[in-house]
Amino acid sequence: MTAEAAGVLLDYSKNRITNETLSLLIQLAEGSGLRSRIDAMFRGEKINVTEKRAVLHVALRAPKDASIVVDGENVVPQVHAVLEKMAGFSKSIRTGEWKGHTGKRIRNIVNIGIGGSDLGPVMAYEALRHYRDRSLAFRFVSNVDSTDFAEAVRDLDPAETLFIVSSKTFTTLETMTNAHSARAWSLEALGGDESSIAKHFVAVSTNASEVAKFGIDTANMFGFWDWVGGRYSMDSAIGLSTMIAIGPENFRTMLDGFHQIDEHFRTAPFERNIPVLMGLLAVWYTDFFGAETVAVLPYEQYLKRFPAYLQQLTMESNGKHVTLDGAEIAYPTSPIYWGEPGTNGQHSFYQLIHQGTRLIPCDFIAFGTSLNPLGRHHDILMANVFAQSEALAFGKTSDQVKAEGTPEWLAPQRVFEGNRPSNTILADRLTPEVLGKLIALYEHSVFTQGVIWQINSFDQWGVELGKVLAQRIIPELETAAEPELGHDSSTNALISRYRHLKESA
Ligand code: G6Q
């Protein structure tokens, strides 16, 4: 039970499945219309029905000569035009040709964005640190908590700092609040001269008029399109910080990695299709075993933010309770994804995975070589990843424990029941190309799960209510006069208590 695509191996043999299970799961995929849904996505049909949008992150990595038509227009040339513009800009920063307002070259890049406009860039920056230009410093500000901004810029010289304001809508509360603080911070240090903004701020957005209103010259705006969902956007202009860090060539090889897996997903038969198999296994444990979580465990330090990135990709996509038609769903949908890099997790939460009362399918991710070879480290790391999946699968019986001389009373504590499922994803080494492949595998696994659950993986209505309520509460916290509060008693009391804390501070 292995499958291979574009040099990436999926070993899924340590799962609670037989050949019959597999063929039944594949029948489930076929019966759910997966094939036609894949084709519809790649054709640019508006499969995001609740937002009436096409879902075309695959167009972001399509080769120049491809044609993908949305509303009568081939979008591929637009994608490549933006990539060219990003490459030109990245080069001018990397060579020092782009100067700040005072004539100094840019040495610090601060990406301001949140959610899909942050998690991808942060993850890719960490994942591809090995390939980055070490003469530039990169920071990421996302939280509206002022500490995030304050700590990010604390040691930076405004004359050498470029802000990339990344926001598809350019109206997101957190991002615009941070962007305005950045603007004030920059202007204050640069003598209040508004013309300095053009040298220290660029935007990544679909909303040119809001970008202009903020004071950023739209010549310094990098566009994308409504058919790119936030959590599927790290390979669009949202990846500008990534491109500046690793250079346009590396960025292009990352896109090529994505594209190779797109082609695999689009064309490979389901029984050899890695994202389909990954998606089916997720459905299998979620709906047939009641597993509530999946652990993603990269044995590669550079992938330390990969689980956080996947949390948005998986849970914002498939954490849904109604079908595409609006009918209430009677089966569990997205599991909770979580994880930490190995081997650290082994010394903390793996206890529960091995001996706890819950079933936690695991994805182990590992590489043939380290980017920082050092003595025996990599063999030791790899021995651990193989040992973990072996221990989970085969465990240790009471007889084995006793045969080792463990006293009867202690033996139950030392038994590993085994039969705990895991996948191992193995590739040669973490290059930009391989990172692209890895992300695309999960994107399409999420798609597969969503199709089987008959849900829309591309909207996120569940984030709206809190945003609306926060807008109502903000003036109640800011007003000097005691406000008339009309919430529930708990919320009213918390607001009053906060106002009191604020006054007495
Ligand atoms: C992702 C979501 C969400 C979005 C952020 C930021 O799929 O839509 O995480 O990316 O809310 O939105 P903006 O890019 O519009 O600021």
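Before reading on, note that the structure itself is shown above.
Residues numbered from 1 in each chain as written. Predicted model: local features only at pLDDT ≥ 70, side-chain atom pairs only at ≥ 80, totals over all residues. Heavy atoms only, no water.

1. A short note on the site of the ligand
Around the ligand sit 13 residues, and of these Ser117, Ser167, Thr169, Thr172 and Gln312 come closest. A distance of 2.7 Å separates an oxygen atom of the ligand from a polar atom in the backbone of Lys168. Between Gly230 and the ligand, the recorded distance is 3.5 Å, taken from a backbone N or O atom to an oxygen atom. When its residues are assigned to classes, the shell around the ligand shows one nonpolar, nine polar and three charged. (Near = heavy atom within 4 Å. Polar contact = N/O pair within 3.5 Å; in protein donor to acceptor, adjacent residues only side chain to side chain. Nonpolar A, V, L, I, M, F, W, Y, C, P; charged D, E, K, R; others polar.)

2. Focus: the sheet that holds strand S8 (residues 201-205)
Pairing within the open sheet is parallel, and its five strands lie in the order S6-S5-S7-S8-S9. Looking at the sheet topology across the chains shown, the edges are occupied by strand S6 (137-141) and strand S9 (221-223). With strand direction ignored, the average angle separating the axes of adjacent strands in the sheet is 20°. As judged from the five bridges shared by strand S5 (residues 108-112) and S6, these two strands associate in the parallel manner. Looking at the pairing, Val110 lines up with Arg139 of S6. Where helix H5 (residues 146-153) meets the sheet, it contacts S6 and strand S7 (161-166), and its direction lies at approximately 170° from that of S6. Seen against the sheet, helix H6 (residues 173-189) touches S5, S6, S7 and S8 and runs at an angle of roughly 160° to S7. (Pairing = 2+ DSSP bridges. Helix = DSSP H or I, 4+ residues; strand = E, 2+ residues; numbered from the N terminus. Axes fitted to C-alpha atoms, helices over the stretch in contact; angles between N-to-C directions. Contact = heavy atoms within 4.5 Å.)

3. Some remarks on the packing of helix H10 (residues 248-267) against helix H16 (residues 432-453)
Helices that pack against each other are described as a pair by the angle of their axes relative to one another and the distance between those axes. Two elements in contact, H10 and H16, have axes separated by 7 Å at closest approach and are oriented at 35°. Remark: the crossing between H10 and H16 carries right-handed chirality. Where H10 approaches H16, its residues Asn250, Thr253, Met254, Asp256, Gly257, Phe258, Gln260, Ile261, Asp262 and Phe265 are matched on the opposing element by Pro432, Glu433, Leu435, Gly436, Lys437, Ile439, Ala440, Leu441, Glu443, His444, Phe447 and Thr448. Among the residues forming the contact of H10 with H16, the class breakdown is 10 nonpolar, seven polar and five charged. (Left-handed = near helix turned anticlockwise from the far one by under 90°.)

Worth remembering: the numbers are spatial, not functional.
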